[in-house]
Amino acid sequence: TNARHTTGDPAVALTTFRIYEIESDDTVWTSRFDGTTHYTTAVNTYVMDASGALGRAPSGVGWRGQIAAIVVCSSRLSAPDAALMRTALQTIWGTP
C-alpha cells in the first residue's frame, strides 16, 4: 500500500507466535491476528516497494521481531482457502 495504516494495539498478546495476515488489493486493506480481523479499510492503493521490502514504513523503520514464515499469494484468498492456510500454519508452528 502507499499509505501507512494506523491500526491501534491488537487485542491479543504478542508475547507468543501469532498468525498475522494482511489482505491487500486496490479496494481493501485488512489485517488479522489468528483469523480475527484487527483492522480493515476500503481505502487502499496497492503498490510494491521497488526493493521488495515488506513491513517498512516510508521513514525506513521496519518490522522488529521474529518471522517464522511468509506466504505470498497472487490474489486474495477466499474465506475457505484462508482458513485452510491458517490451519496449516497453526499445525506447523503450534500457534493458537
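Above this text you will find the structure in question.
Note that the structure is a prediction, hence the values are computed from the model and not measured.

Caption draft 1: Structural context of helix H1 (residues 79-93). For H1, spanning 15 residues, the distance from its first C-alpha to its last is 21 Å, which sits close to the expected 21 Å at 1.5 Å a residue. Burial in H1 covers these residues: Ala-82, Arg-86 and Leu-89. Viewed along the axis of H1, the buried residues span an arc of 65 degrees, placing them on a single side of the element. For H1, the exposed residues lying more than 90 degrees away from the buried face are Pro-80, Leu-84, Thr-91 and Ile-92. Close packing links the buried residues of H1 with strand S1 (20-24). Residue Gly-94 follows H1 closely and has a positive phi angle near 65 degrees.

Caption draft 2: The arrangement of the packing of aromatic side chains in detail. Evaluated as defined, the whole model comprises two aromatic pairs. Seen from their ring centres, Tyr-20 and Phe-33 are 4.8 Å apart, and the 40 degrees between their planes marks the pair as tilted. Taken together, the residues span a long stretch of sequence, with Tyr-20 in strand S1 and Phe-33 in strand S2 (residues 29-33) at a distance of 13 residues. Looking at Tyr-20, the relative accessible area reads 38%, which means it is partly exposed. Residue class for Phe-33 comes out buried when judged on its relative accessible area of 11%.

About the thresholds
- Residues numbered from 1 in each chain as written.
- Predicted model: local features only at pLDDT ≥ 70, side-chain atom pairs only at ≥ 80, totals over all residues.
- Heavy atoms only, no water.
- Helix = DSSP H or I, 4+ residues; strand = E, 2+ residues; numbered from the N terminus.
- Expected span 1.5 Å × (residues − 1).
- Buried < 20%, exposed > 50% of the residue type's maximum accessible area, 1.4 Å probe, protein only.
- Arc of directions from axis to C-beta.
- Contact = heavy atoms within 4.5 Å.
- Phe/Tyr/Trp six-rings, centres within 6.5 Å; stacked < 30°, edge-to-face > 60°.

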